[in-house]
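Observations on the model geometry
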Amino acid sequence: MNVTRVSILAILLLAFVPREAFNVKAQLDYCVGQVTRTAAFIPAAPPNLPRNILNGKTAWNYVGYKDWTSGFWPGTLWYVYEYTKDPKWKAKADLFTRELTPLAYQKAIDHDLGFQMYCSFGNGLRLTHNPAYKKILLAAADTLATLFNPNVGTILSWPRPVPNMEWPQHNTIMDNMINLELLFWASKNGGDKRLYDIAVSHATTTMNNHFRPDHTSYHAVVYDRKTGKKVKGVTHQGYADNSMWARGQSWAIYGFTMTYRETKDPKFLDFAQKVSDVYLERLPADLIPYWDFSAPDIPNAPKDASAAAVTASALLELSVFVKDKTKAALYRAKAEQMLETLSSANYQSRQLNNAFLLHSTGHKPNNSEVDASINYADYYYIEALLRLKKLQAGKSIQSIR
Ligand code: GLY
C-alpha cells in the first residue's frame, strides 16, 4: 500500500475515533511559561543567547551573535510577542534582536545570515514595521548575496575549509535553502532585483543537483567553482553520503514550500510535495524522525524533534498551497499529528528544563547536541503552533495575529 492510501485510511480513522481536540492555545501558553523562566536567568551581557540544554542538564548554554543559531532566541521572543501582544516581550525581542546588527555589515562568514537575520529582524519588522530593522535587513541581504557564485548558480554555504568539501571548491548545503527567504524579501522591499534572481537560481540549481532519484537529499554538494560542474554529493551531519539526514530533508520541505510561496512557480510546489512525500513515507509511527533515516541503531537511535518542528511548520504552509483537497488534508493532518506528539509528555521539556522541547539532535557525527533541547526546535515549534492557530481561525498563516 502506498503512502497516500495508508494516509487516507489514517485520516478516515482519525475522523471516526473520538479523541480530545488538540489545544493549540494550551501549548502556546506552555511556551510563554517556559520563555518566562528562561528570560529570568539570562546573563546581562553577551554571550546571552540561549542555544541548547544538553541531555540530562537543566541550564541553557549561551552563544554570542556570530553563532549560526543566534536568531532563534530573538525570533522566539517575537513569536511570544505576536501571541501575547504584551509590550514587555516586544522590548525583550528588540533588545536581543539588536545584538545581531553587526552581522549585516561584516564580511559574510557563511550562509546562515538568513537564519540569523530573518528570524530576528525579519519577524521584528513584520510585527512592528520599524524602519531601522528594514535598513539592517536590506544590508544583510546584500551581504549574503556576496557569497553567490554565478558559475555554479548557488550561494557558497561555507566559505572556508570544511572536511570532505575539497576547499577551495564551491560547497552548498541543503540548510542554505532557508536563507533564500531573506533574499526574496529584500528583492520585493527596496533591495536589488538581482537578489530575486539569485534566490531562484539557488533553488533551481539545488533542485537539480541535491537530490537522488527517490527525492531524498544529499546534505551537501561540492561543485567545481569555475565550471559549476557537480563534483559529488556528500554528508556532513548525516549518517552517510547516501542517507536521508532528517533535518536536511526538513530544510528541503520548508525551503521549497517557501520558494513556491515567493515565486508561484508550480515546479517548486510539485517538488515540495515530492520531498515531503518521501519523508512522510519513511517516518516512524510517532512521526518524529530518528536523526537520520538510515541510522544503524534504529529503533534505539536518537530522535530529532527539531526536524519534526521544521516539517510541521512547513507542511501547514504546503497544505494551503496544494490544490488537490485530499493531498492538502493529508499534509495538514500530518502536521497536526506531529504537533500533538511534540506537545506530549514524551517531547515537551515541562519541568525537566526551561526549553519547549526535548530530543533534538544537532550534529550526531561530531557527538554534539545529541538528544538535547535546542533553540531552533523551539523556534519552529512555536512558529508551527502559531500557524495552526491562524489556520484554525480561518486566517492566512502570513497574517499578523
Ligand atoms: N546547519 C543547520 C543545521 O544544523 O540544521
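It should be noted that the structure appears before, not after, this text.
Starting afresh in each chain, residues are numbered from 1 along the sequence in its written order. Residues qualify for local features only when their pLDDT is at least 70, as the model is predicted, and side-chain atom pairs are given and counted only at 80 or more; totals for whole chains, interfaces and linings, by contrast, use all residues. As a convention, hydrogens and water are excluded, and side-chain values are obtained from all of the structure's heavy atoms.

**Remarks on the overall build of the protein chain**
The condition that has to hold: Helix and strand assignments follow DSSP, with helices taken as H or I runs no shorter than four residues and strands as E runs no shorter than two, numbered in order from the N terminus. Throughout, radius of gyration means the C-alpha value; the globule benchmark is 2.2 Å times the number of residues raised to the power 0.38. Burial classes: relative accessible area under 20% of the type maximum marks a residue as buried, over 50% as exposed, and values in between as partly exposed (1.4 Å probe, protein chains only). Contact criterion: two residues are considered in contact whenever any of their non-hydrogen atoms come within 4.5 Å of each other. Only the protein chains shown count as cover for residues, and all accessible areas are computed by the Shrake-Rupley method using a 1.4 Å probe.
The helix and strand inventory of the protein chain stands at 13 helices and 8 strands. Relative to a compact globule of 401 residues, whose C-alpha radius of gyration would be 21 Å, the protein chain shows 20 Å and is just as compact. When the backbone C-alpha atoms are referred to their principal axes, the protein chain occupies close to 60 × 55 × 40 Å. The buried share among the 401 residues of the protein chain stands at 61%. Within the protein chain, residue pairs in contact and separated by at least 24 positions form 66% of the contacts whose partners lie at least 6 positions apart. When the accessible surface of the protein chain is summed, it comes to about 15,800 Å², and 55% of that surface belongs to carbon and sulfur atoms.

**Digging into the pattern of salt bridges**
Selection rule: Every case where a carboxyl oxygen of Asp or Glu lies within 4 Å of a side-chain nitrogen of Lys or Arg is listed as a salt bridge.
With the rule as written, the count across this model stands at 21 salt bridges. The salt bridge involving K188 is made with E262; its shortest N-O contact spans 2.7 Å. In this pair, K188 sits in the loop between α7 (180-187) and α8 (194-209) while E262 sits in helix α9 (residues 246-263), placing the two residues 74 residues apart along the sequence. With relative accessibility at 44%, the residue K188 sits in the partly exposed group. The class for E262 is buried, based on a relative accessible area of 16%. Put simply, E181, K188, R261, E262, E317, E383 and R387 are held in one network by salt bridges that share partners.

**Looking at the environment of K229**
Along the polypeptide, K229 turns up in the loop between β6 (220-223) and β7 (230-234). According to the relative accessible area criterion, K229 is exposed, its value standing at 60%. Residues K229 and L49, spaced 180 residues apart in sequence, show a C-alpha to C-alpha distance of 39 Å. Those residues in contact with K229, other than ones at most four positions away along the chain, are V222, Y223 and D224.

**Quick word on the site of the ligand**
Inclusion rule: Near, as used in this document, describes a residue that has one of its heavy atoms within 4 Å of the molecule or strand being considered. Definition of a polar contact: a pair of N or O atoms within 3.5 Å, with one able to donate and the other able to accept a hydrogen when the atoms are protein atoms, and with sequence-neighbouring residues admitted only if both atoms are side-chain atoms.
Around the ligand, the surrounding shell consists of W68, D175, Q237, W245, R247 and W251. Here an oxygen atom of the ligand and a side-chain polar atom of R247 are 2.6 Å apart. W251 has a polar side-chain atom sitting 2.9 Å from an oxygen atom of the ligand. With the chains in place, 93% of the 200 Å² that the ligand exposes on its own is no longer accessible.

**A few points about the sheet that holds strand β5 (residues 170-173)**
Keep this limit in mind: By this definition, two strands are paired if DSSP reports at least two bridges between them. Lines fitted to C-alpha atoms define the axes here, with helix axes fitted over just the stretch in contact, and angles between the N-to-C directions of these axes take values from 0 to 180 degrees.
A sheet is described by the order of its strands in space; here 3 strands give the open sequence β5-β6-β7, paired in antiparallel fashion. Edge strands, defined here as strands with exactly one partner in the open sheet, are β5 and β7. Across this sheet, the average inter-strand angle for adjacent strands is 20°, counted without regard to direction. Pairing of β5 with β6 involves 4 bridges; the strand directions are antiparallel. Considered in β6, the bridge of T172 is made with V221.

**Quick word on the sheet that holds strand β2 (residues 61-63)**
The 3 strands lie next to each other as β2-β1-β8, forming an open sheet whose pairing is antiparallel. Two strands close off the open sheet at either side, each with one partner strand: β2 and β8 (373-374).

**Observations regarding the packing of helix α2 (residues 24-40) against helix α13 (residues 375-392)**
For clarity, the cut-off: What makes a crossing left-handed is the near helix being turned counterclockwise from the far one by less than a right angle; a clockwise turn instead makes it right-handed.
Their axes nearest at 10 Å, the elements α2 and α13 cross at an angle of 145°. For the crossing formed where α2 meets α13, the hand is left-handed. Every residue of α13 that contacts α2 at V24, Q27, L28 and C31 is listed here: Y381, I382, L385, L386, L388, K389 and Q392.

**Topic: the environment of G248**
Along the chain, G248 turns up in helix α9. With a relative accessible area of 2%, G248 lands in the buried category. For the pair G248 and M174, spaced 74 residues apart in sequence, the C-alpha to C-alpha distance is 5.9 Å.

**Quick look at unusual backbone geometry**
Following P46, the chain continues into P47 via a peptide bond in cis, with omega recorded as 0°. Along the chain, P47 falls in the loop between α2 and β1 (49-53). Omega for the bond connecting W167 with P168 falls within 30 degrees of zero, at 15°, which places this linkage in the cis form. Looking at where P168 falls in the secondary structure, it is placed in the loop between β4 (154-155) and β5.

**Topic: the packing of aromatic side chains**
Applicable threshold: Each Phe, Tyr or Trp ring, with Trp reduced to its six-membered ring, pairs with another whose centre is within 6.5 Å; inter-plane angles below 30 degrees give stacked pairs, above 60 give edge-to-face pairs, and intermediate values give tilted ones. The rule for a charge over a ring is simple: NZ of Lys or CZ of Arg within 6 Å of the ring centre, and within 35 degrees of the ring normal.
The full count for this structure, using the stated rule, is 24 aromatic pairs. With a centroid separation of 6.2 Å and an interplanar angle of 65°, the aromatic rings of W78 and Y81 are classed as edge-to-face. On the criterion of helical spacing, the pair formed by W78 and Y81 is a turn pair, its members being 3 residues apart in helix α3 (residues 72-84). In this structure Y81 comes out as buried when scored by relative accessible area, which is 10%. Connected via pairs of aromatic rings, a cluster forms that spans W68, F72, Y79, F115, W251, Y254, Y376, Y379 and Y380. Of note, R212 hangs over the ring of Y218, and the distance from its end group to the ring centre comes to 4.5 Å. Positioned above the aromatic ring of Y260 is the side chain of K264, whose terminal nitrogen or guanidinium carbon lies 5.2 Å from the ring centre.

**Side note on the packing of helix α6 (residues 131-145) against α7**
Selection rule: These descriptions rest on fixed angle ranges, namely under 35 degrees for roughly parallel, over 145 for roughly antiparallel, 65 to 115 for roughly perpendicular, and the rest for oblique. All residues other than Ala, Val, Leu, Ile, Met, Phe, Trp, Tyr, Cys, Pro, Asp, Glu, Lys and Arg, Gly among them, are scored as polar; the first ten of these are nonpolar and the last four charged.
Direction vectors running N to C along α6 and α7 enclose 120°, while the axes themselves pass 9 Å from each other. Considering the angle they form, α6 stands oblique to α7. The way α6 lies across α7 gives a crossing that is left-handed. Residues K134, L137, L138, A140, A141 and L144 of α6 touch α7, and the partners they reach there are L182, L183, W185 and A186. Considering only residue class, the contact of α6 with α7 consists of 9 nonpolar, no polar and 1 charged.

Interpretation note: all reported values are geometric properties and have no functional meaning in isolation.
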